[in-house]
Amino acid sequence: MEIAKVIVDVPAKSTDRTFDYLIPAEMRRWIEVGSRVGVPFGHRTVQGFVTSLHERQEPGRFKLKPIQELLDLVPPLPPDLVELAGWMRERYACGEIMALQAMIPTALKGKAERYISVSDTESQAAQDGLLLADTGMEDDSEREIVLFVQSRTQVPLGQLSRRFPEQAEMIKSLLRRGVLQESQYIKDKLQKKTLKAVDLAVSVEEAEAALAAFPAKAQRQREVLAWLLELSPMLPVAMKEVLSGLQVSAATVKSLEDKGLVTIDDVEVFRDPYRGRDFKPTAPLPLTHEQQHVYERVVGQLDERTHGVFLLHGVTGSGKTEIYLQTIQRCIEQDRQAIVLVPEISLTPQMVERFKGRFGDQVAVMHSRLSAGERYDEWRKIREGRVKVAIGARSGVFAPFKSIGLIIIDEEHETSYKQEETPKYHARDVAVKRADQHGAVVILGSATPSLESYHAARSQSNDEFAPLLLEMHHRALGNKLPEVHIVDMRNELRGNNRSMFSRDLHQGIAARLEKGEQIVLLLNRRGYSTFVMCRSCGYVSTCPNCDISLTYHQRSNNMRCHYCGYSEGVPETCPECGSEHIRYFGTGTQRVEEELAKLFPGIRVIRMDVDTTTEKGSHEKLLKQFRDKKADVLLGTQMVAKGLDFPDVTLVGVITADSALNLPDFRAAEKTFQLLTQVAGRAGRHQLPGEVFVQSYTPDHYSVIHASRHDYLSFVREELKHRRVLHYPPYCRLILVTFTHEQLPLLVRLAENYTANLEGKARQRGWFGSLDKFTGDVMDVLGPVASPMPKIKNRYRFQCMIKWRGNIDVIGLAREVADDMADAVQNQKLLISLDVDPQMLM
DNA sequence: AGCACGCCGACT
DNA sequence: GTCGGCGTGCTC
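Residues numbered from 1 in each chain as written. Chains lettered and ligands numbered in written order. Predicted model: local features only at pLDDT ≥ 70, side-chain atom pairs only at ≥ 80, totals over all residues. Heavy atoms only, no water.

An unreviewed UniProt entry annotates chain A as Replication restart protein PriA originating from Paenibacillus lacisoli. UniProt lists a comment for chain A under the heading Sequence similarities (unreviewed entry), and it reads "Belongs to the helicase family. PriA subfamily." Check the Subunit (unreviewed entry) section of the UniProt entry for chain A; it says "Component of the replication restart primosome." (UniProt positions renumbered as here; feature names shortened; annotations may be inferred.)

Dropping the structure here:
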């Protein structure tokens, strides 16, 4: 194999194809499909991925460039992932390189670094005994530069220009004249984690002697040395510990090093985020009848070793996790590996503990809280076959296992499985595709399956997947689902209760406090203000670049834009009218916390929201405190609704059930139903019976009512009716096309242009029409209109929505029209982005 | 995305 | 007369 086709790391439309390279003879044994390479590309070196190998050069092409370097001995991508990237390119209308990059840890995203060395002819001359001066070097500083470079063989360009900041011109001239030469190598972002470690450089006896003879005035150094001697059997010790243990500065230790008494070394630390933690081993639990039935169906499919998808609809507490664990066990016994995807937010220590407890160190865990290096290490465990199970959020679907037997997607309905940045993939769909490649089984688990999945299971008509529906209606421990009361908040207002707690919820909390039982309070975050508003004139601080309201950040005590990061101070008086009645409202949860403290003096509250969980491990700490009953109330946003299991929680309160219902999103009802069902499931999971209060301003809404009755089926029936009438998924598919440009009038024209072109081409193919009037294969375009976020980072935004159904390549067409336009329109400042199957319509 | 090539304004 | 502005075109 002499030729490699390579996808280069240049994210542009015109480079979204393979480029051919010669494989140098010495690399032939090592280059494989999936290899990461450095290749010359134009006038620079870029990273790329080998996607196929070929015997010889295609005729008609003149001289190919050779691959410059091979970046890893083992290709970071197995061939099935390379193939999957090609599939993603079509499915999500993204650049293939974007798909490939999404599959590997960011630590492996290399960039070319420029190095300077003395040119070959020049070194040859030096070897031949000629002086550098003979080659026309007249200036002393020129000579200094060349000698500097020569003395260290190769110097990164950045380092050289830092060393000779005034001589940039001279360096350029030396390069031009060929005295110095430049080469580029790909350098990984990864830095190995090291720790400064201090050790004695001499024997204990010598050190003691040195200590005795120490100059009296170097008191601090004496202390350090004495301390090190005391610790001598346990050396080396981390520099950090020396500094904090003795309250000395690094300079003190450094002086000891200069004296030759101690050494300070960089020691590589192996990162294990769960190091030092004991996981209680757990044995498989006996299964209930329902569980047994589900287990047998899945295992039957596993044993066939063929592809199959199951939608596991089980009420909260029905024991889905135990099914996951036992089917994974079977999968491992077949010598295949398993991937478990969970939403980021519920990738809690509780969850990890259960898997680590059952499978021990055969488990790799990947989540966003890990540092880049930690993630890379976990990823390597998978790639090198040292683990059998990978648990992770969305991107875990790319775990580079050799032979996958099972992919589990827990809380299948969660929107976090859809990546909002390019590549805008949905982990559920990717999982199904990947399982198909491997002949593997997929389990989609949820108490509230997405309408897409449920409908696909019921109608068996989806092209991409038609899961088999498995249901569990009962809780594994036999206890009942909690009783849910809907509280009509309009009555509270009429009853002159202006508090955010209804009288019922108030009483409920008081009762639990008395009995020493625990409470979970959920605040549906949206709808609560975190912005500054003037009460006199209604002024709201907005971002000058993006036209959206600025959010108040407590930590930095300033106002910040979510989209572009712009920040400014908190205004004291209103910039518009000068009024002093300008107020910010703390985050929603803060307000609730304050009110709780007022109503129930002495109440112990743990607040969990973005403000209190940014620090690493804080999430875990807070939950542990609550579990240890250090608090009466766990108060939080969405993150308290998912997957938590506390035996003493008997009351769940939802402060505002319906704040999401007013959002302009066709999934608003579905999301409300899911959230209410999930949070209700936190109550009464063990011996004590649970009770739930749902406060609502729209208590008659079907999502609230069906959630209160734990009636998924009725909700789905009603919701599907709406979707069918309004032509929304699952009765059609959507593509959201967003256009951005600095100039509004031009943007509008171009967006209209796009929809017209798209419509024209669709007509030619006989696809165009209203979804109302036509059955079967059809597509329609809505818009263009201004985006809900009409301006971000000084760029205006317009969008149009494509609705379509059937077996027609609308994705390909939408992309084609976008590409044609970008070609035709001279103005490159127009950006068109496609979101296939969007989750957020904002 | 870079980076070089190429064709028009303000300076030694 | 040149230095350098950034429009546009290419990268195996």
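S.K.: Help me understand the overall build of chain A in this model?
M.R.: Per the secondary structure count, chain A includes 25 helices and 33 strands. A globule of 842 residues ought to have a C-alpha radius of gyration of about 28 Å, and chain A, at 32 Å, matches this closely. Seen through its C-alpha atoms, chain A measures out along the principal axes to roughly 95 × 85 × 70 Å. Out of the 842 residues belonging to chain A, those deemed buried represent 52%. Put simply, of all contacts in chain A between residues at least 6 apart along the chain, 74% involve residues at least 24 apart. For chain A, the accessible area works out to roughly 39300 Å², and carbon and sulfur atoms hold 50% of it. Put simply, chain A has 109 plus and 111 minus side-chain charges, and the middle of one group is 2 Å from the middle of the other. (Helix = DSSP H or I, 4+ residues; strand = E, 2+ residues; numbered from the N terminus. Rg over C-alpha atoms; globule rule 2.2 N^0.38 Å. Buried < 20%, exposed > 50% of the residue type's maximum accessible area, 1.4 Å probe, protein only. Contact = heavy atoms within 4.5 Å. Areas by Shrake-Rupley, 256 points an atom, 1.4 Å probe, with all protein chains shown as cover. Lys, Arg positive; Asp, Glu negative; His and termini not counted. Charge placed at Lys NZ, Arg CZ, Asp CG, Glu CD.)

S.K.: Explain helix α4 (residues 140-151) here, please?
M.R.: Owing to its 3.6 residues per turn, the α-helix brings residues three or four apart onto one side. Here α4 is 12 residues long and its end C-alpha atoms lie 16 Å apart, about the 16 Å a rise of 1.5 Å per residue gives. Those residues of α4 not exposed but buried are Ser141, Glu142, Ile145, Val146, Phe148 and Val149. Buried residues of α4, viewed axially, fall in a sector of 155°; they line one side. Across from the buried face of α4, at angles greater than 90 degrees, the exposed residues are Asp140 and Ser151. Next to the buried residues of α4 lie β6 (111-118), β7 (154-156), α5 (157-163), α6 (168-176) and β8 (180-187). Thr153, located one to two residues past α4, shows a positive phi value of around 60°. (Expected span 1.5 Å × (residues − 1). Arc of directions from axis to C-beta.)

S.K.: Quick question: what am I supposed to make of a nonpolar patch on the surface here?
M.R.: A contiguous nonpolar surface patch, about 320 Å² in accessible area, is contributed by Trp30, Leu73 and Val74. Tracing the backbone shows Val74 in the loop between β5 (69-70) and α1 (79-91). Its relative accessible area of 52% is what places Val74 among the exposed residues. (Patch = residues over 30% accessible without salt bridge, like charges linked within 9 Å, V, L, I, M, F, W, Y side chains within 5 Å. Salt bridge = Lys/Arg side-chain N within 4 Å of Asp/Glu carboxyl O.)

S.K.: Looking at this model, I keep getting lost on the sheet that holds strand β31 (residues 778-792). Mind explaining?
M.R.: Taken in spatial order, the 4 strands line up as β31-β32-β30-β33 in an open sheet, and their pairing is antiparallel. Looking at the sheet topology across the chains shown, the edges are occupied by β31 and β33 (831-836). The sheet shows a mean angle of 20° between the axes of neighbouring strands, taken without regard to direction. (Pairing = 2+ DSSP bridges. Axes fitted to C-alpha atoms, helices over the stretch in contact; angles between N-to-C directions.)

S.K.: I tried to follow the protein's contact with DNA strand C on my own but got confused; where do I start?
M.R.: In the vicinity of DNA strand C, the contacting residues are Ser14, Thr15, Arg17, Phe19, Asp20, Tyr21, Pro40, Phe41, Gly42, Arg61, Leu64 and Lys65. Each atom of DNA strand C within 4 Å of the protein was classed as base or backbone; sugar and phosphate made up 44%. Between DNA strand C and Ser14, the relevant distance is 3.1 Å, taken from a base oxygen to a side-chain nitrogen or oxygen of the residue. A distance of 3.1 Å is found between a phosphate oxygen of DNA strand C and a backbone nitrogen or oxygen belonging to Pro40. (Near = heavy atom within 4 Å. Polar contact = N/O pair within 3.5 Å; in protein donor to acceptor, adjacent residues only side chain to side chain.)

S.K.: Hey, could you run me through the UniProt feature "binding site: Zn(2+) 1" (unreviewed entry) in chain A in this one?
M.R.: The UniProt record annotates "binding site: Zn(2+) 1" (unreviewed entry) at Cys534, Cys537, Cys574 and Cys577. The greatest C-alpha distance among the annotated residues, which extend across 44 residues, is 8.7 Å, indicating that they converge on a single site. Note on placement: Cys534 falls in strand β21 (residues 532-534). With relative accessibility at 1%, the residue Cys534 sits in the buried group. Discounting chain neighbours no more than four positions away, the residues touching Cys534 are Tyr539, Cys574, Cys577, Ser579, His581 and Ile582. Here Cys577 shows up in the loop between β24 (567-569) and β25 (582-584). Cys577 sits in the partly exposed class, given a relative accessible area of 41%.

S.K.: Sorry, what's going on with the protein's contact with DNA strand B here?
M.R.: Looking at DNA strand B, the residues that line it are Val10, Pro11, Ala12, Ser14, His43 and Arg44. The contact atoms of DNA strand B, taken as those within 4 Å of the protein, divide so that sugar and phosphate hold 50%. Between a phosphate oxygen of DNA strand B and a main-chain N or O atom of Pro11, the distance comes to 3.4 Å. Of the residues assigned to the surface near DNA strand B, the class counts are 3 nonpolar, 2 polar and 1 charged. (Nonpolar A, V, L, I, M, F, W, Y, C, P; charged D, E, K, R; others polar.)

S.K.: Teacher, can you tell me more about the environment of Gly569 here?
M.R.: When you line up the elements, Gly569 lands in strand β24. A sequence separation of 10 residues divides Gly569 from Met559, and the C-alpha atoms of the two residues are 5.9 Å apart. Contact partners of Gly569, with chain neighbours within four places excluded, come to Asn558 and Met559.

S.K.: Teacher, can you tell me more about the nonpolar core here?
M.R.: Within soluble globular proteins, side chains that are nonpolar tend to cluster in buried spots. Formed by 117 residues in total, the largest nonpolar core has its most connected members in Phe398, Leu634, Phe739, Tyr754, Met779 and Ile802. Ignoring sequence-local partners within four residues, the contact set of Ile802 consists of Arg733, Leu734, Ile735, Val737, Leu758, Met779, Asp780, Val810 and Ala814. In this structure, Phe310, Ala338, Phe359 and Val365 belong to the second largest nonpolar core, which totals 28 residues. (Core = buried A, V, L, I, M, F, W, Y, C linked by side-chain atoms within 4.5 Å.)

S.K.: Would you mind going over the pattern of salt bridges with me for this structure?
M.R.: Side-chain pairs of opposite charge can arise whenever the charged atoms involved come near each other. Evaluated as defined, the whole model comprises 38 salt bridges. Between Arg607 and Glu593 there is a salt bridge, with the nearest N and O atoms lying 2.7 Å from each other. You can see Arg607 sitting in strand β26 (residues 605-608) and its partner Glu593 sitting in helix α19 (residues 588-599), a full 14 residues away along the chain. Glu816 is the salt-bridge partner of Arg765, the closest N and O atoms lying 3.5 Å from each other. On the criterion of sequence distance, the pair formed by Arg765 in the loop between α24 (744-764) and β31 and Glu816 in helix α25 (residues 810-824) is long-range, its members being 51 residues apart. Each of Arg91, Glu412, Arg428, Asp429, Arg733 and Asp837 takes part in one network of salt bridges that share partners.

S.K.: Could you clarify how one ought to interpret the packing of α24 against α25 in this entry?
M.R.: The angle between the axes and the distance between the axes are what describe a pair of packed helices. Two elements in contact, α24 and α25, have axes whose closest approach is 10 Å; the angle formed by their N-to-C orientations is 130°. Taken as axis vectors, α24 and α25 run oblique relative to one another. In terms of crossing hand, the pair formed by α24 and α25 is right-handed. Counted together, Leu750, Asn753, Tyr754, Asn757, Leu758, Lys761 and Ala762 of α24 and Leu813, Ala814, Glu816, Val817, Ala818, Asp820 and Met821 of α25 form the full contact between these two elements. (Parallel < 35°, antiparallel > 145°, perpendicular 65-115°, else oblique. Left-handed = near helix turned anticlockwise from the far one by under 90°.)

S.K.: Can you help me understand the side chain of Gln518 in this one?
M.R.: As for its position among the elements, Gln518 is in strand β20 (residues 518-522). Polar contacts involving the side chain of Gln518 include one to the main-chain carbonyl oxygen of Phe626, which spans 2.8 Å. Look past the residues within four positions of Gln518 in its chain and what remains in contact with it is Phe626, Lys629, Ala631, Asp632, Asp648, Val649, Thr650 and Leu651.

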